[in-house]
Amino acid sequence: MSASSSKNDLSVWRTIKTDRFLVGAPHYPEHVDESYWERDAKRMAEAGFNVARLGEFAWHLFEPKLGTFDFDLFDRAIAVLARHGIDTIMCTPTATPPRWLTVAHPEILRVDGNGRTMSHGSRQHADTASPVFREHSKRITKAMAEHYRDNPHVIGWQTDNELNTSMPESFSAATLSEFQLFLADKYGTIDKLNFAWGGDFWATAYDDFGQVVLPIEFGPTFPSPGHVQDYHRFLAFATARFQHDQVEILRATKAEWFIFHNLGGLRDIDFRGQFSTDLDFVGYDIYPMLYDEFQRIGNHAKVQALHLDICRGFSGNYIVPEQQSGFGSQPGFCTLTPEPGEMRRMAMSSVARGADGLLFFRWRPAHFGAEIYWMGLIDHDDVPRHRYDEAKRFATEMTALKDKILGTHVRMDVGIAGSDFDNQEAHKTYSIGLPSPQDDAIQLHQYCYDRGIACGFIHPEDDLSRLKLLYVPHWVMWKDGWTERLEAFARDGGTVVIGARTGTRDENNHVIRETAPGSSLTRLTGVKVKDFGRLAAPGAKGLFDVMSRSGGLVIPPNRPAESHRRVRRFTFGNREIEAAHFYENLTVADDAEVVATWSNRYAEGQPMASLRRVGKGRVLYLGTYLTPELTDALADRTFAEAGIGPLVGDLPEGVEVTMRQNDDRRLLFLQNYLDQRAELSEVPAGINLLDDGKSVSGTLSLEAYGCAIIELR
Ligand code: GAL
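Residues numbered from 1 in each chain as written. Predicted model: local features only at pLDDT ≥ 70, side-chain atom pairs only at ≥ 80, totals over all residues. Heavy atoms only, no water.

Student: So what exactly am I meant to see when it comes to the overall build of the protein chain here?
Tutor: When helices and strands are tallied, the protein chain shows 19 helices and 27 strands. At 26 Å, the protein chain has a C-alpha radius of gyration in line with the 27 Å of a compact globule built from 713 residues. For the protein chain, the C-alpha atoms occupy an extent of roughly 80 × 70 × 50 Å along the three principal directions. Counting all 713 residues of the protein chain, 61% fall into the buried class. Intrachain contacts of the protein chain at a sequence separation of at least 6 include 72% that bridge at least 24 residues. Approximately 27100 Å² of the protein chain is accessible, and the part contributed by carbon and sulfur atoms is 50%. The positive charge centre, built from 77 side chains, and the negative charge centre, built from 97, are 2 Å apart in the protein chain. (Helix = DSSP H or I, 4+ residues; strand = E, 2+ residues; numbered from the N terminus. Rg over C-alpha atoms; globule rule 2.2 N^0.38 Å. Buried < 20%, exposed > 50% of the residue type's maximum accessible area, 1.4 Å probe, protein only. Contact = heavy atoms within 4.5 Å. Areas by Shrake-Rupley, 256 points an atom, 1.4 Å probe, with all protein chains shown as cover. Lys, Arg positive; Asp, Glu negative; His and termini not counted. Charge placed at Lys NZ, Arg CZ, Asp CG, Glu CD.)

Student: I keep staring at the pairing of strand β19 (residues 582–588) and nothing clicks. Help me out?
Tutor: Successive residues of a regular strand alternate their side chains across the two faces of the sheet. Buried residues dominate β19, accounting for six of its seven residues. Alignment of strand β16 (residues 527–534) against β19, held across seven bridges, turns out to be antiparallel. Across the sheet, residue Lys528 finds its bridge partner in β19, namely Thr587. (Pairing = 2+ DSSP bridges.)

Student: When you look at the sheet that holds strand β22 (residues 617–622) in this model, what are you seeing that I'm missing?
Tutor: Hydrogen bonds along the backbone pair up the strands of a sheet, which may run parallel or antiparallel. Ordered by their spatial adjacency, nine strands build an open sheet running β13-β12-β14-β15-β22-β21-β20-β17-β18, and the pairing between neighbours is mixed. Each edge of the open sheet carries a strand with a single partner, namely β13 (455–458) and β18 (575–578). Here the strands of the sheet are splayed against their neighbours by 25° on average, with no regard to which way each runs. Of the pairings in the sheet, the one linking strand β12 (residues 414–417) to strand β14 (residues 469–472) comprises three bridges and is parallel in character. Across the sheet, the residue bridging to Ile416 is Tyr471, located in β14. (Axes fitted to C-alpha atoms, helices over the stretch in contact; angles between N-to-C directions.)

Student: Would you explain the pattern of salt bridges in this entry?
Tutor: Should their charged atoms come close, side chains of opposite charge can pair. Scanning the entire structure with this criterion turns up 52 salt bridges. Between Arg39 and Asp382 there is a salt bridge, with its nearest N and O atoms 2.9 Å apart. Taken together, the residues Arg39 in helix α1 (residues 37–46) and Asp382 in the loop between β10 (355–361) and α13 (386–405) connect sequence positions 343 residues apart. Measuring nitrogen to oxygen at the nearest pair gives 3.2 Å for the salt bridge that ties Arg76 to Asp72. (Salt bridge = Lys/Arg side-chain N within 4 Å of Asp/Glu carboxyl O.)

Student: Would you mind showing me how to read the site of the ligand here?
Tutor: In the vicinity of the ligand, the contacting residues are Phe57, Arg123, Asn161, Glu162, Asp285, Tyr287, Glu322, Gln330, Phe361, Glu371 and Trp374. The side chain of Glu322 places a nitrogen or oxygen atom 3.0 Å from an oxygen atom of the ligand. For the ligand, whose accessible area on its own is 300 Å², the fraction buried by protein is 93%. (Near = heavy atom within 4 Å. Polar contact = N/O pair within 3.5 Å; in protein donor to acceptor, adjacent residues only side chain to side chain.)

Student: Would you explain the environment of Phe71 in this entry?
Tutor: With respect to the element layout, Phe71 can be found in the loop between α2 (59–62) and α3 (72–83). Classification of Phe71 as buried rests on a relative accessible area of 9%. Note: C-alpha distance between Phe71 and Tyr148 (77 residues apart in sequence) is 9.4 Å. Residues in contact with Phe71, not counting those within four places in the same chain, are Phe62, Ala143, Met144, His147 and Tyr148.

Student: Looking at this model, I keep getting lost on the nonpolar core. Mind explaining?
Tutor: A general tendency of soluble globular proteins is for nonpolar side chains to be buried together. Phe49, Tyr148, Phe394, Phe572, Phe639 and Ile709 are the most contacted members of the largest nonpolar core, which has 125 residues in total. The element best represented in this core is α13, accounting for seven residues. Apart from the residues lying within four places of it in its own chain, the contact partners of Ile709 are Met348, Met398, Leu401, Ile405, Leu667, Leu668, Phe669, Ile687, Asn688, Leu689 and Leu690. Judged by nonpolar contacts, the second largest core, of 28 residues, contains Met412, Leu464, Leu467 and Val472. (Core = buried A, V, L, I, M, F, W, Y, C linked by side-chain atoms within 4.5 Å.)

Student: Got a minute to help me understand the state of the cysteines in this structure?
Tutor: Each disulfide consists of one covalent bond between the sulfur atoms belonging to two cysteines. The full count for this structure, using the stated rule, is zero disulfides. Between Cys448, a free cysteine, and Cys455, which holds the nearest cysteine sulfur, the sulfur-to-sulfur gap is 4.0 Å. Among the residues examined, Cys448 registers a relative accessible area of 0% and is labelled buried. The exposure class assigned to Cys455 is buried, which follows from its relative accessible area of 6%. (Disulfide = S-S within 2.5 Å.)

Student: Hey, could you run me through the confidence of the model for the protein chain in this one?
Tutor: Do not read the fine detail of predicted coordinates wherever pLDDT is low. Averaged over all residues, the pLDDT of the protein chain equals 94, while 95% of them reach at least 70. Under a pLDDT of 50 for its full length, residues 1–7 has, in the predicted model, 27 contacts with residues more than four places off or in other chains. (pLDDT = per-residue confidence, 0-100.)

Student: What's the story with helix α19 (residues 628–638) in this structure? I'm lost.
Tutor: Quick reminder: α-helices carry 3.6 residues per turn. Residues three or four places apart thus point the same way. Along α19, the positions that sit buried rather than exposed are Leu630, Thr631, Ala633, Leu634, Ala635 and Thr638. Buried residues in α19 make contact with α15 (437–451), β14, β15 (495–498), β17 (569–572), β18 and β22.

Student: Even after reading the chapter, I still don't get the sheet that holds strand β24 (residues 666–672), so can you show me in this structure?
Tutor: Taken together, the six strands give an open sheet; going across it, the order is β11-β23-β24-β27-β25-β26, and neighbouring strands pair in antiparallel fashion. On the outer flanks of this sheet lie β11 (409–410) and β26 (694–702), each paired with one strand and no other. Two strands pair when backbone bridges link them, and β11 and strand β23 (residues 655–661) are joined in this way by two bridges, in the antiparallel orientation. From the neighbouring strand, His409 faces β23, where its bridge partner is Gln661.

Student: How should the packing of aromatic side chains be read in this particular structure?
Tutor: The description of two aromatic rings rests on the distance between their centres and on the angle between their planes. The final tally for this structure, using the stated rule, is 39 aromatic pairs. An aromatic cluster of at least three residues, connected via ring pairs, comprises Phe171, Phe179, Phe182, Trp197, Tyr206, Tyr231, Phe234 and Phe237. The lysine or arginine in question, Arg39, covers the ring of Tyr36, its NZ or CZ lying 5.2 Å from the ring centre. The aromatic ring of Tyr583 is capped on one face by Arg568, whose charged end is 3.7 Å from the ring centroid. (Phe/Tyr/Trp six-rings, centres within 6.5 Å; stacked < 30°, edge-to-face > 60°. Lys NZ or Arg CZ within 6 Å of the ring centre and 35° of its normal.)

Student: I would appreciate a short explanation of the side chain of Asp278 in the present structure.
Tutor: Relative to the helices and strands, Asp278 is located in the loop between α9 (274–277) and β6 (283–284). Engagement of the side chain of Asp278 in a polar contact is seen with the side chain of His244, the distance being 2.6 Å.

Here's what the structure looks like:
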C-alpha cells in the first residue's frame, strides 16, 4: 500500500490518501506466549482491524548480538496476523538500543544538565546526536528494511518511537562536538556567533568554535537567550537528521512503503522542517487524560481537542498510532479511566479533528515491566470486555465510512498562529513567567470549542484564505514576509488580531532596535508601543504568585495590597476589564481607531487596543494578553463582523462539534463528552452516518458519550 500526499506541502488543509482507514492496535507478540498469537489475530480480525504496529522496542530480539540478526519471532507473528487479514506497520526499534550496544559504547548514552549519565534501564537513553549511535541506527534500519522488503504484509513504517518525549536534551561529549560543528556551519566565523549570542555581555565571547559550551541552566546563572535558542535549534536539527538517516534507507529499499513518526511530547522537533517533509504524514499519539493542560483546563475532552488542533497545524491530517483506551500508568503516576462508551467517543473526537487512521494503545497489557497497568483492549486475564467491543464498533464504522471521511479536511473559521519552532523556543529562552504563545492561545481555543466555532492552529506561511480570522499570540520572532501575508489576508476581507509583544525580537533573540512592534507591523497595525510592563496572572495577588527564577510557584508570605500590585484595567466596548500578564501603552496612527483604553493609574485614557481597516478587512492590535473576559470582548467586537458563528446553534453543554469537508461533502461531527444524554435542537438538515443514514433536521438526541456524523444536505 502506498500513501499519496505531497511530502513537501505541509499545510493544515492537507489530507492523507491511504487505501484504507488504518485501524488496529500497537501489539507486542514478544510479551505473550506464542499460544496466544492465533487467538489475538482472530480477535483483531473480528474487531474489524486491518493493521497492527509491531517492533518499536525489540532491537535486542532483531539483533541479539552485534551483526547477528534474527527475525524469526516477528516473521512468525506477522504471518499469523496476515492469515487473518491484518497487515503490519513495522517500527525502527531505536528508542531502545540493546544492552550489548550501550555496554560496548557507553559514550552513546545521554547526559543530563547535572552531568549524570543516563543508565540503560528504561528507554530513550541513547543520544540521537551521537555519530556512533547514528551508525548503529542506520545498520539496524538497513537490516530490517532489507529483510521486510519482500514481505507484502509489511505495508509501512514508523520511525523510532515518540522521539524526544522522555528526554530531548543531552549534555554529552558527542552532543557538544556535534553542536560545535553545527554552529561552525551556521555562522562561519566565531565573530558572527559572538554577535548573535551577545559575547560582550558577561564576557561570554569565544575565541573559536572548539571553546563553545552547552547552555547549562543556572550554571551558575542564566546563559544567553541566543545560546539557548541555538542549542534547541541544534537538538531539532539533530533529531531530524537522525530520522532522515532511517527514512533515506527505507525509501531506497521500497518506495511503496509509507513512513510516519508517532509524535509524543512535541519537544525539540521542528514539525514544519525536514522532520515532517521527510514523512508521508505525521502520527500523533493521543493520551487526553495525561497532558499537563488537563491540570489547568480540567476537562480532558477540551485538552484532547487542543492537542489535536495543535498537531494538525503542522501538516494537516494525521493518523493516531496510539490512542488511550483504558487507564494508564507508569510506576509514579496514573490517569483517569475512560468510562464505558468514552473510548469510542475519544476516538471519534480524533477523527473529527483530522485523524485519517487510528490505533488503540495497546492490544493487550503487559504483565511485566514499567507499564503493567497500562491497559489495552484485552484485559490481563485475556478477556475482551467493553473496550474491545467499543474498538470493534469504531473499526466497523470507520471502515464503512472511509470513502466519506478520507479526503476531507477540518474546517477552520478562526485560525491561531501556531506550529512555529522558533517562536515556541524563543518564549522558553526568556519566559519571565509569562504564558507561552500557546498558553495564551488556549483562551481563544477554549472560547471557540465551548461555542462550537470552527477553530484551529495554522502557520502564517500556510494558505490563510480559508480563514475568517487569524489571531497571532505574542510571536516575538517575527518575519517581515509574514506581515505581507497577513496584509493580503486582510485586504481580501480577513480579520487579523495581533497580540502584545509580537515582533519584538529578531532571529538572534536580540530585542529589535526599532520601536515595537517593528516597522512592518507598525505599518500594518498603525500602532507603536511606548512602554510596557509585567502584570500578575488573573486572580494572582502579585507577580511572585506566578513566577520564580526557575519558573516555579512562589507564594510570598505577605500578600501585597492592591495598590502595590498595580492592577491595570481597561475599557473595551462597554466593559471594564482587569488586564493580566503584560501591558503595553500604545500610540495609534490617525488611520486606525482606538478600540480599548487603559482606565486606571497613570495610563488612564491611553490606547490599549486598535483597529485599522485594510482593504475589505481589518487589523486589530492588543496591548495585553488574553484573559477569558478579554477573549469575550474581542469576540463580541470582531466575530459577527467577520462572519464567524457556531457550526450548530444552541449547543448544549458537553457536546463538541467540528466540520470535515471538501468540495463534494460536508460532515458535521458531534460528540457528547458527558455521561448524560444531550439534546440538540438546531442541527442542520442531513443524514446521520452513524445511525444507518437516518435523516436529521433540528433535533438530535445524543446518549452519554454518544456520537453522530451528519452528512449535510
Ligand atoms: C506512549 C509511548 C508508548 C507507551 C505509552 C503509554 O507515549 O509511545 O510506548 O509508553 O505512551 O505510556
